[in-house]
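Residue-level structural notes
So the chains spell out like this:
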Amino acid sequence: MSRKPKILVVGSFVMDLIVKTGHFPNAGETVLGLDYQTAPGGKGANQAVQAARLGAQVTMAGRVGDDDFGRRLIASCREAGVNTEFVSVDSTTYSAIGNVQLEVQNGTTRNRIIVVSGANMATRPEDVAFLKDSIAEYDMVMLQLEIPMQINELVAAYAYEKNVPVMLNSAPSAPLSDELLSHLTYISPNEHEAADLTGIPIRKNGKQVNMDDVHKAADTLLAKGVKNVVITLGNAGAVVANKEAFLYEPCIDVVEVKDPTAAGDSFVGAFTASVCAGLSHKDALHFASYTATLTVSRMGAQPSLPKLEEVIALMRQENDLTFSLSALDGLK
């Protein structure tokens, strides 16, 4: 039996407070909501849970407040099989929350999200100093931008020194130093974040995207030292680009979209887990697209993240198994 991939996630925990409405309010306007729920989230925790549900051996490092939300956030990760021994509980601040607004209109769902960072931004260099010696134990390190940039730069440097691949999901959008970019094996922005990082707008009309723009944005990031660029394009699909290849995967449009929250996290977690399990970039792109498709068909962040058998079942249902399932043996 193949060894399960070992993935380290250093990132955020956020409790999502989700409100569904018929239309987003304008400034000064009050609207009645249709539904409300809370769900564990946070880009780091979402990606950790997704990789763990797919079968990877995942360790999470981060910070929560000493409150009910913090306890629920840790419990959700543990239930998914994530090792949380390196998650700190901070009694001086509160756990992060995300105000998630969903607009359901004419059969489509859009979201707007405001994150109040709380304990995530209280993460300190000493909290991750242990990784300088232990980071070589992992097959991949996953980072996002909901914790201090200093922590991301430090962890990426530790990994780079030990030749451990680093995946940075560059969300929410923020400037990145050339040094950090040079330490990345993968960067995974969406089209808006890619435009912010490169100054190259990616023109898109529905499911049609200007591939020249995508090529230029990817080439700009590759020129800064990133080894592989993964750009998610919403309902237009996703690409993986490096100096040898440019791969495009259309959106897997086979479900009713109920909540797009965590779709990007699902994709990144699935792509990382499957690459670590040995899939090619082409097959990992396909597998991750199916994983994210299942996610948008369900409500909430972590509650929507599928297990390996669910993704395989959907691929079989669509008669779209483009690679041998034995390639996923490392995740079983």
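In short, a report on the structure. (Residues numbered from 1 in each chain as written. Predicted model: local features only at pLDDT ≥ 70, side-chain atom pairs only at ≥ 80, totals over all residues. Heavy atoms only, no water.)

**Re the overall build of the chain**
Scanning the chain from terminus to terminus reveals 11 helices and 15 strands. Computed over its C-alpha atoms, the radius of gyration of the chain comes to 19 Å, within 12% of the 20 Å expected for a compact globule of 332 residues. Across the 332 residues in the chain, those meeting the buried criterion constitute 54%. Across the chain, the fraction of contacts at a sequence separation of at least 24, relative to all contacts at a separation of at least 6, is 69%. Carbon together with sulfur atoms contributes 49% to the accessible area of the chain, which is approximately 14,000 Å² in total. Treating the 28 positive side-chain charges of the chain as one cloud and the 38 negative ones as another, the clouds have centres 2 Å apart. (Helix = DSSP H or I, 4+ residues; strand = E, 2+ residues; numbered from the N terminus. Rg over C-alpha atoms; globule rule 2.2 N^0.38 Å. Buried < 20%, exposed > 50% of the residue type's maximum accessible area, 1.4 Å probe, protein only. Contact = heavy atoms within 4.5 Å. Areas by Shrake-Rupley, 256 points an atom, 1.4 Å probe, with all protein chains shown as cover. Lys, Arg positive; Asp, Glu negative; His and termini not counted. Charge placed at Lys NZ, Arg CZ, Asp CG, Glu CD.)

**Considerations on the packing of aromatic side chains**
Applying the stated criterion across every chain yields a total of three aromatic pairs. Note on phenylalanine 267 and phenylalanine 271: the rings are 6.3 Å apart at their centroids and 10° apart in plane angle, and the pair reads as stacked. On the criterion of helical spacing, the pair formed by phenylalanine 267 and phenylalanine 271 is a turn pair, its members being four residues apart in helix H9 (residues 263-276). Phenylalanine 271 carries the same exposure label as phenylalanine 267, and that label is buried. Ring pairs connect the aromatic residues Tyr186, Phe267 and Phe271, which therefore count as one cluster. In this structure, lysine 6 is placed above the aromatic ring of tyrosine 138, and the distance from its NZ or CZ to the ring centre is 5.6 Å. (Phe/Tyr/Trp six-rings, centres within 6.5 Å; stacked < 30°, edge-to-face > 60°. Lys NZ or Arg CZ within 6 Å of the ring centre and 35° of its normal.)

**Remarks on the sheet that holds strand E2 (residues 14-21)**
The four strands are arranged E3-E2-E6-E7 in an open sheet whose pairing can be described as mixed. Of all strands in the sheet, those with a lone pairing partner are strand E3 (33-41) and strand E7 (108-116), marking the two edges. Neighbour to neighbour, the strand axes of the sheet diverge by 20° on average, direction disregarded. Bridge count between E2 and strand E6 (residues 96-105): eight bridges; the pairing is parallel. Considered in E6, the bridge of leucine 17 is made with asparagine 99. The strands touched by helix H2 (residues 68-79) within the sheet are E2, E3 and E6, with E2 carrying the most contacts at an inclination of about 95°. (Pairing = 2+ DSSP bridges. Axes fitted to C-alpha atoms, helices over the stretch in contact; angles between N-to-C directions.)

**Comments concerning the pairing of strand E15 (residues 246-249)**
Bridge count between strand E14 (residues 238-241) and E15: four bridges; the pairing is antiparallel. By the bridge assignment, alanine 238 is partnered in E15 with glutamate 249. A loop of four residues connects E14 with E15, the two strands running antiparallel in sequence.

**Topic: the nonpolar core**
Of all hydrophobic cores here, the largest spans 55 residues; its most connected members are Val58, Phe267, Phe271, Phe287 and Leu328. The element best represented in this core is helix H10 (residues 281-296), accounting for seven residues. Once residues within four sequence positions are removed from consideration, phenylalanine 267 is found in contact with Val230, Thr232, Ala238, Leu285, Ala288, Ser289 and Ala292. (Core = buried A, V, L, I, M, F, W, Y, C linked by side-chain atoms within 4.5 Å.)

**Points about unusual backbone geometry**
Proline 172 follows alanine 171 through a cis peptide bond whose omega is -5°. Inspection of the secondary structure puts proline 172 in the loop between strand E9 (166-168) and helix H6 (178-182). With a phi angle near 60°, asparagine 163 is a residue other than glycine that sits in the positive phi range. Among the secondary structure elements, asparagine 163 is positioned in the loop between helix H5 (149-161) and E9. The exposure class of asparagine 163 is exposed, given its relative accessible area of 71%. Positioned with a positive phi, asparagine 319 is a non-glycine residue whose angle comes to about 50°. Along the polypeptide, asparagine 319 turns up in the segment after helix H11 (308-317).

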